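# Geometric and topological summary
Single-letter residue listing:
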Amino acid sequence: MSVLTLTVDGIEVAVPAGSTLLAAVRAADAELPTLCHLDGLTPVAACRLCLVEVEGSGKLQPACATAAVEGVVIQTQTPQLREYRRMAVELFFAEGNHVCAFCVANGACELQDVAVAVGMDHSRFPYQYPQRQVDASHPLFALDHHRCILCTRCVRVCDEIEGAHVWDVAHRGAECQIIAGLDQPWGEVEACTNCGKCVDVCPTGALFDKDDTTAEKQPHRERPALLRRARDQQHWQNQ
Amino acid sequence: MTAPQSLQLRCCDASGCRSAGAGALHAALLQARDQLGGAAEGVAIKPVGCLRLCGRGPLVALDRPGSGGIYAGLTPEQAPELLAVAAGLSHGLADQRLGPDHPFFALQQPVVLEGCGRVDPTSIDDALAMGTYGQLQRVLAECTPEQVREQVKRSGLRGRGGAGYPTGLKWDTVALQPAGLRYVVCNADEGDPGAFMDRSVLESDPHRLIEGLAIAAYAVGAQQGYVYVRAEYPLAIERLQLALKQARARGLLGAGIAGSSFNLRLEVRVGAGAYVCGEETALLASIQGQRGTPRPRPPFPAQSGLWGHPTLINNVETLAAIPAIIREGGDWYGAMGTAGSKGTKVFALSGAVANTGLVEVPMGTSLRTVVLTIGGGVPGGEGPDGGVKAVQTGGPSGGCIPAALLDTPVDYESLRQLGSMMGSGGMVVMGESTAMPAVARHFMRFSVAESCGKCVPCRAGTVQLLELLDRFAEHRASLADLERLEQLCGMVQATSLCGLGQAAPNPVLSTLRHFRQEYQAACRAPQLCEPLTSCSLEAKGP
Amino acid sequence: MAAEAVERTSRLVRQHRGRADALIEVLHQVQELYGFLPRPALHQVARELQLPLARVYGVASFYHLFRLEPPAAHRCAVCLGTACFVKGGAELAAQLEQRLGVRLDAPAGDGSWALEHVSCLGACGQAPVLVVDGQLAPKLPLDDPRALALRFTALGLDPRP
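Bear in mind the structure is a predicted one, so any value in this text is a computation, not a measurement.

Conventions and cut-offs
- Residues numbered from 1 in each chain as written.
- Chains lettered and ligands numbered in written order.
- Predicted model: local features only at pLDDT ≥ 70, side-chain atom pairs only at ≥ 80, totals over all residues.
- Heavy atoms only, no water.
- Helix = DSSP H or I, 4+ residues; strand = E, 2+ residues; numbered from the N terminus.
- Rg over C-alpha atoms; globule rule 2.2 N^0.38 Å.
- Contact = heavy atoms within 4.5 Å.
- Areas by Shrake-Rupley, 256 points an atom, 1.4 Å probe, with all protein chains shown as cover.
- Lys, Arg positive; Asp, Glu negative; His and termini not counted.
- Charge placed at Lys NZ, Arg CZ, Asp CG, Glu CD.
- pLDDT = per-residue confidence, 0-100.
- Core = buried A, V, L, I, M, F, W, Y, C linked by side-chain atoms within 4.5 Å.
- Buried < 20%, exposed > 50% of the residue type's maximum accessible area, 1.4 Å probe, protein only.
- Buried area = accessible area lost by both parts, 1.4 Å probe.
- Salt bridge = Lys/Arg side-chain N within 4 Å of Asp/Glu carboxyl O.
- Polar contact = N/O pair within 3.5 Å; in protein donor to acceptor, adjacent residues only side chain to side chain.
- Pairing = 2+ DSSP bridges.
- Axes fitted to C-alpha atoms, helices over the stretch in contact; angles between N-to-C directions.
- Phe/Tyr/Trp six-rings, centres within 6.5 Å; stacked < 30°, edge-to-face > 60°.
- Domains from an automatic or database assignment.
- Parallel < 35°, antiparallel > 145°, perpendicular 65-115°, else oblique.
- Left-handed = near helix turned anticlockwise from the far one by under 90°.
- Nonpolar A, V, L, I, M, F, W, Y, C, P; charged D, E, K, R; others polar.

Turning our attention to the overall build of chain B. In terms of helices and strands, chain B carries 23 helices and 14 strands. Relative to the compact-globule value of 24 Å for 542 residues, chain B shows a C-alpha radius of gyration of 24 Å, a close match. On the principal axes, the C-alpha backbone points of chain B span a range of 80 × 60 × 40 Å. Looking at chain B alone, contacts between residues at least 24 apart form 71% of all its contacts between residues at least 6 apart. As displayed, chain B has an accessible area near 17,700 Å², and 53% of this comes from carbon and sulfur atoms. Of the charged side chains in chain B, 46 are positive and 48 negative; the average position of the first set lies 5 Å away from that of the second.

Take a look at the structure:
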């Protein structure tokens, strides 16, 4: 396997050919927040938190969806990037209704973690307080749209790993919403296999197990990567 | 180009004049000719596409040796009189006559629009008589794809959809991909408010576009192509469909075109109301029947486009320039325009200006010439700048250029330096009564409504920008708002996924740059803003 | 009507040889059939194109020209493109809201008029413009209230009783 050498924040790293910039960043042990990215799922580059500066390119590139190139030099922590990241996190908080104190994912929430990582103590942008719904029609799980950040991990895991494609994004712009079936109550969608993978991968408390109450959610965000590896390489972890 | 018939009335039958009553006028002319008989019988009456001065419709052009001209604002009652003029029996309607020396027409140099308003858009025979498809046939018989691309490279043509990427380079990139399937796509999703160049080409001269697209397909080795037209243009879709049918029937599309071994299938895909589909990767998703959301580039569509195959995407105006470039040679086209922006550009001139319509001029023509000489300035406007306050170019991705900079040459670089951009060619003139924060809010509303919602800076950032602009437009902003506005503009510009989001702050940034005092005046305590320079990013709110 | 429409929808899908990429074309044609996109029709399209329901709904709701609810009897669209904006398009919209007693872009109620905005019709030379039940109405005389009222009446835009 051929190897690429890159420089991440001044540190030289080697990654296998075909890797993304994100893999290189991780190889350099640099801290780079992500929200929409999840190992095992196709990257969509939607949350813009993993944007990095690539020397010689005028535009910021999403590390999760950009192929590593031999000799490239990237910066992940310029003051400008930190500022943009913090603003993006503020925008996430302002566009939804995120109240950690009584959220099922309190303590196990990637949005919360990212807010801490970027040092966000308040939002400079006014909260929008959108009117959204909670769908508790499924016998095992529920979806609280107030906490959804539209990362589309649920859409992708259901389509790419489970093969059921229960979820998709409907409408557009600020009206975007995750829907099940023809915008039906989740519990009525026959395609759902009750596998719970969408709940496993949700970065926030939007999708959760009905048995869990405040701060009890235990996500399993490693599962798509394990399943993909099992499928692609015939490599099973639990044997 | 064939000489016009000796006696002919060309009646504009494009959307603009249709809405102004061209249909009734055309019927009245036919009826009047029957009734008048005699000398009037020799006057041919032909429906054509856009005659360009859309604001004065319905328009009819008279071809008559020595005394031709365009007649504007005609009513059906005036049809007999016009026929009498055409037949040489009257000298009436002089008030409504615009000669070829009229400033709106005199400075124009039609290349893309050379057939517009001359050819009957519903007749392939008329198009063939004008020489359309001649270059396609010549290229198939005489040229290699490399030779075609060489001419396009020599012409210096750059994409007319907005970004201005060199067309020849794009064609090379697609052509030089590893062997396999390739696609060509014509982007006719003209969505910029204030732009109607592409609609006019589709409605007025669809065969020219098909010829340009077919030449492009030959040059890059594609056998399948799509024209993606926005659904808001029903007449353009109808005429394009008809033209495709006619071209297939004549063997100018399909298998073994014009006796060569070149095959090309072209299909129309109709949009469904999404501005973002003008973005390349969103357009490809839409052609594939998906939500029109963009994806990160690279890979560029030239490497991996429709169904993963190399795909050439060009805009209508770009492709419509190709037949003339091939006919006259790349050097001929490259001799027009400026060093960095070759050839001619079509602008849709509208807003607070006397003459609204389509303007095709060489690149590098000054804004002053376009807006004041050709456009005639603001009606009733006075002073050296003709009452113009600003000119908006580039639609929701562009900006406002103040009257003080009217001498700017119109080319890609000059407009970008001023914080605006060429965009697709919309040019909206604004008079003194237009408030700039309100203009910025107008465009931000558009961006909010058209954001696809995929990435957070565009989805949530534009909503916050609109709220901030509401405060300025309604005179209840604070200095802290000005700081937040600039910070957020910078963030949305730098971090959005696609061109729509990246360019959404441009109307704000350009009006902040050239009309900052209007934003300052909208703050609750404007006196704190003096002197003007203290309102920079470093300034802290009260 | 219902059974016939179902049969015609099947025919449409077959005409496109059941290709998934024809989804938008099929939705256009189904909307022509029903005037909007009823849920059962979306269900049928998804089944016959072999696409997930959520994917079909995601596409149908993404594009502004697809209607998921039955339309009002009459539709009036105000152009708010830039040229119309400069020539008072927003003022025109406000006057029509008053006259018709409906809010701009409000979801279709039980009233006879729906008032919506369009971003640009490319009829900038005729600004400001309206589209009333598919017909383009150019150059609305905003500076002359009496002439404007006459134009509104001629277009069938009668004041709310």
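Here the focus is the confidence of the model for chain B. This prediction gives chain B a mean pLDDT of 93; 96% of its residues lie at or above 70. Contacts from residues 530-542 of chain B, a stretch scored under 50 in pLDDT, to residues over four places away or in other chains number 21 contacts.

All names here are of chain A. Here E110 lies in helix α3 (residues 110-118). With 76 residues separating them in the primary sequence, E110 and T34 have C-alpha atoms 8.5 Å apart. When residues no more than four places from it in sequence are discounted, the contact partners of E110 are T34, L35, R153, P203 and R221.

Residue and element names in this part refer to chain B. Counting 129 residues, the largest nonpolar core has V148, W171, V229, L240 and M427 as its most contacted members. By residue number, the principal contributor to this core is helix α10 (residues 206-220), which donates 10 residues. Once you skip the residues sitting within four places of it in the chain, L240 turns out to touch L202, P206, L209, I210, V227, V229 and V268.

Contacts between chain A and chain C engage 13 residues on the former and 13 residues on the latter. When chain A packs against chain C, the two sides together hide about 1,100 Å² of surface, and 64% of this comes from carbon and sulfur. It is A:H171, A:R172 and A:L182 that lose the most area in chain A upon contact with chain C, and together they represent 58% of the buried surface on that side. Summed over the shared surface of chain A and chain C, the result is 0 salt bridges. Connecting chain A to chain C are 5 residue pairs in polar contact (both at pLDDT 80 or more).

Right, let's talk about the sheet that holds strand β6 (residues 134-135) of chain A for a bit. All names here are of chain A. An order of β6-β7-β10 is seen for the 3 strands of this open sheet, with the pairing classed as antiparallel. Both outer strands of the open sheet, β6 and β10 (207-209), are each paired with one neighbouring strand and no more. Bridging between strand β7 (residues 141-144) and β10 involves 3 bridges; their strand directions are antiparallel. Bridging across to β10, F141 finds its partner in D209.

All names here are of chain B. Pairing is mixed in the open sheet, where 5 strands are placed in the order β2-β1-β3-β4-β5. Edge positions in the open sheet fall to β2 (44-48) and β5 (97-98), since each of these has one partner strand only. Here 5 bridges tie strand β1 (residues 8-12) to β2, and the two strands are oriented parallel to one another. Paired with R10 across the bridge in β2 is K46. In the packing of helix α2 (residues 22-36) onto the sheet, contacts are made with β1, β2 and β3 (60-63), and the angle to β2 comes to roughly 165 degrees.

Right, let's get into the packing of aromatic side chains. All names here are of chain B. In this structure the tally under the stated criterion is 13 aromatic pairs over all chains. With 5.4 Å between their ring centres and 80 degrees between their planes, Y218 and F262 make a pair best called edge-to-face. Taken together, the residues Y218 in helix α10 and F262 in the loop between α11 (234-249) and β8 (265-270) connect sequence positions 44 residues apart. The exposure class of Y218 is buried, given its relative accessible area of 15%. Here the aromatic rings of Y226 and W307 are separated by 6.3 Å at their centres, their planes lie at 45 degrees, and the arrangement is tilted. Of the two residues, Y226 is situated in strand β7 (residues 224-229) and W307 in the loop between α12 (280-287) and β9 (311-315); the sequence distance between them amounts to 81 residues.

Glancing now at the side chain of B:S19. Mapping B:S19 onto the fold places it in helix α1 (residues 15-19). From its side chain, B:S19 meets the backbone oxygen of B:G16 in a polar contact 2.8 Å long. Ignoring any residue separated from it by four or fewer positions in sequence, one finds B:S19 in contact with C:Q126, C:L136 and C:P138.

With that settled, consider the interface of chain C and chain B. At the interface, 34 residues of chain C touch 51 residues of chain B. Between chain C and chain B, the buried area comes to about 3,100 Å², and carbon and sulfur atoms account for 58% of it. Where chain C meets chain B, there are 1 salt bridge. The closest approach of N and O atoms between B:R269 and C:D21, which form a salt bridge, is 3.0 Å.

Bring the parts together and some accessible area is lost; that lost area is often taken as the interface size. Here the domain parsing of chain B yields domain 1 (8-101), domain 2 (131-334), domain 3 (344-431) and domain 4 (436-539). Just the C-alpha atoms count here: the centres of domain 1 of chain B and domain 4 of chain B sit 48 Å apart.

A cis geometry characterises the amide bond from B:R297 onward to B:P298, with omega recorded as -5 degrees. Residue C:P128 is reached from C:A127 by a cis peptide bond, and omega for that bond is -5 degrees. With a phi close to 65 degrees, A:R48 is a non-glycine residue in the positive phi region. With respect to the element layout, A:R48 can be found in the loop between α1 (21-27) and β3 (51-54).

Once that is clear, we can look at the domain arrangement of chain C. In terms of domains, chain C is made up of domain 1 (3-62) and domain 2 (74-154). Summarising the inter-unit geometry, the C-alpha centres of domain 1 of chain C and domain 2 of chain C are found 32 Å apart.

Glancing now at the packing of helix α7 (residues 145-155) of chain B against α10(B). Residue and element names in this part refer to chain B. Direction vectors running N to C along α7 and α10 enclose 120 degrees, while the axes themselves pass 7 Å from each other. One finds that α7 runs oblique with respect to α10. Here α7 runs over α10; the crossing is left-handed. The segment α7 lies against α10, with P145, V148 and R149 engaging I215, Y218 and A219. Taken together, the residues that form the contact of α7 with α10 break down as 5 nonpolar, no polar and 1 charged.

Let's shift gears to the packing of helix α6 (residues 134-142) of chain B against helix α13 (residues 316-328) of chain B. Residue and element names in this part refer to chain B. Running from N to C, α6 and α13 cross one another at 55 degrees; their axes reach a closest spacing of 9 Å. The orientation of α6 relative to α13 falls into the category oblique. The hand of the α6/α13 crossing is left-handed. Residue-level contacts link Q135, R138 and V139 of α6 to P323, I326 and R327 of α13. Classifying every residue of the contact of α6 with α13 by side-chain character gives 3 nonpolar, 1 polar and 2 charged.

Let us look at the side chain of A:T34. Here A:T34 lies in the loop between α1 and β3. Apart from residues no more than four positions distant in its own chain, A:T34 is found in contact with A:L22, A:C47, A:L49, A:C50, A:E110 and A:V114.

Glancing now at the pattern of salt bridges. Any two side chains of opposite charge can pair, so long as their charged atoms come close to each other. Using the criterion set out here, one finds 50 salt bridges over all chains in the structure. Here A:D39 and A:R26 are joined by a salt bridge, their closest N and O atoms 3.1 Å apart. Residue A:D39 is found in the loop between α1 and β3, and its partner A:R26 is found in helix α1; the two are separated by 13 residues along the sequence. A salt bridge links B:R149 to B:D172, with the shortest nitrogen-to-oxygen separation between them at 2.6 Å. In this pair, B:R149 sits in helix α7 while B:D172 sits in helix α8 (residues 167-175), placing the two residues 23 residues apart along the sequence. In this pair, the class of B:R149 matches that of B:D172, namely buried. One continuous salt-bridge network, built from bridges that share partners, spans A:E83, A:R86, A:E90, A:D121 and A:R124.

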